[in-house]
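Chain residues, written in single-letter form:
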Amino acid sequence: MSVRFITAFLKSSGDCGIVVLESDGEQRTVIVDRQALLNLATPPRADECRLQQSVGQICEIAAAKLTQRKLGPFERIEISGSDVETWNQRQAFH
């Protein structure tokens, strides 16, 4: 399954990032929680810059979640800190 990145931004509250991507002709909203942003790279930061630097990883995690289960047309994808940790562990073995 391929996904195409459309845009990403940090909510003004700073609580989470929002990524919009396209998958199989449908736009999907990805919610990236604060802990996920902190877990994406070292040193831990949860800001707009870290979100933009990590778009590739976020899209890969979202694509994996899309292949794991079928989502409804307006259902969003949520990425947590534990999702990032799991993804990082899998990448370490490849």
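Predicted model only: the values in this text are computed from it and were never measured.

Enquirer: Help me understand the overall build of the protein in this model?
Expert: In terms of helices and strands, the protein carries 4 helices and 4 strands. Across the protein, helices and strands are ordered from the amino to the carboxyl terminus as β-β-β-α-α-α-β-α. Relative to a compact globule of 94 residues, whose C-alpha radius of gyration would be 12 Å, the protein shows 12 Å and is just as compact. Each principal axis of the C-alpha atoms in the protein carries an extent, and together these give about 35 × 35 × 15 Å. When the 94 residues of the protein are sorted by exposure, 37% land in the buried category.

Enquirer: Hey, could you run me through the packing of helix H3 (residues 55-68) against helix H4 (residues 81-93) in this one?
Expert: Angle between the axes and distance between the axes are the two parameters that describe a pair of packed helices. Orientation of H3 relative to H4, taken along the N-to-C sense of each, is 95°, at an axis distance of 11 Å. With respect to H4, the axis of H3 lies roughly perpendicular. Contact with H3, carried on its side by Gln57, Glu60, Ile61, Lys65 and Gln68, involves Asp83, Val84, Trp87, Asn88 and Arg90 of H4 and no other residues of that element. Split by residue class, the contact of H3 with H4 holds 3 nonpolar, 3 polar and 4 charged.

Enquirer: I'm lost on H4 in this one. Help?
Expert: Since there are 3.6 residues in each turn of an α-helix, residues three or four apart along the chain are aligned in direction. When the terminal C-alpha atoms of H4 are compared, their 19 Å separation across 13 residues agrees well with the 18 Å that a helix rising 1.5 Å per residue should span. Every buried residue of H4 is listed here: Gly81, Val84 and Trp87. Viewed along the axis of H4, the buried residues span an arc of 120°, placing them on a single side of the element. For H4, the elements touching its buried residues are strand E3 (26-33), helix H1 (34-39), H3 and strand E4 (77-79).

Enquirer: Mind showing me how you'd approach unusual backbone geometry here?
Expert: Apart from glycine, the bulk of residues carry a negative phi angle, and the bulk of peptide bonds sit in the trans form. Following threonine 42, the chain continues into proline 43 via a peptide bond in cis, with omega recorded as 0°. Along the chain, proline 43 turns up in the loop between H1 and helix H2 (48-53). Residue aspartate 24 is not a glycine yet carries a positive backbone phi of 50°. Turning to its location among the elements, aspartate 24 is positioned in the loop between strand E2 (16-23) and E3.

Enquirer: Mind showing me how you'd approach the environment of glutamine 27 here?
Expert: Looking at the secondary structure, you find glutamine 27 in strand E3. A relative accessible area of 56% means that glutamine 27 is categorised as exposed. Along the backbone, glutamine 27 and arginine 4 are 23 residues apart, and their C-alpha atoms lie at a distance of 9.2 Å. If sequence neighbours within four positions are ignored, glutamine 27 has contacts with Ile6, Val20, Leu21 and Glu22.

Enquirer: For this particular structure, what's the right way to read the nonpolar core?
Expert: Soluble globular proteins tend to bury their nonpolar side chains together. Judged by nonpolar contacts, the single largest core of 22 residues is most densely connected at Val19, Val30, Val32, Leu37, Ile58, Ile77 and Ile79. Breaking this core down by element, the ones donating at least two residues are strand E1 (3-10), E2, E3, H1, H3, E4 and H4. Among all residues touching leucine 37, those that are not within four sequence positions of it are Leu10, Gly17, Val32, Arg45, Ala46, Arg50 and Leu51.

Reading the values: rules and limits
- Residues numbered from 1 in each chain as written.
- Predicted model: local features only at pLDDT ≥ 70, side-chain atom pairs only at ≥ 80, totals over all residues.
- Heavy atoms only, no water.
- Helix = DSSP H or I, 4+ residues; strand = E, 2+ residues; numbered from the N terminus.
- Rg over C-alpha atoms; globule rule 2.2 N^0.38 Å.
- Buried < 20%, exposed > 50% of the residue type's maximum accessible area, 1.4 Å probe, protein only.
- Axes fitted to C-alpha atoms, helices over the stretch in contact; angles between N-to-C directions.
- Parallel < 35°, antiparallel > 145°, perpendicular 65-115°, else oblique.
- Contact = heavy atoms within 4.5 Å.
- Nonpolar A, V, L, I, M, F, W, Y, C, P; charged D, E, K, R; others polar.
- Expected span 1.5 Å × (residues − 1).
- Arc of directions from axis to C-beta.
- Core = buried A, V, L, I, M, F, W, Y, C linked by side-chain atoms within 4.5 Å.

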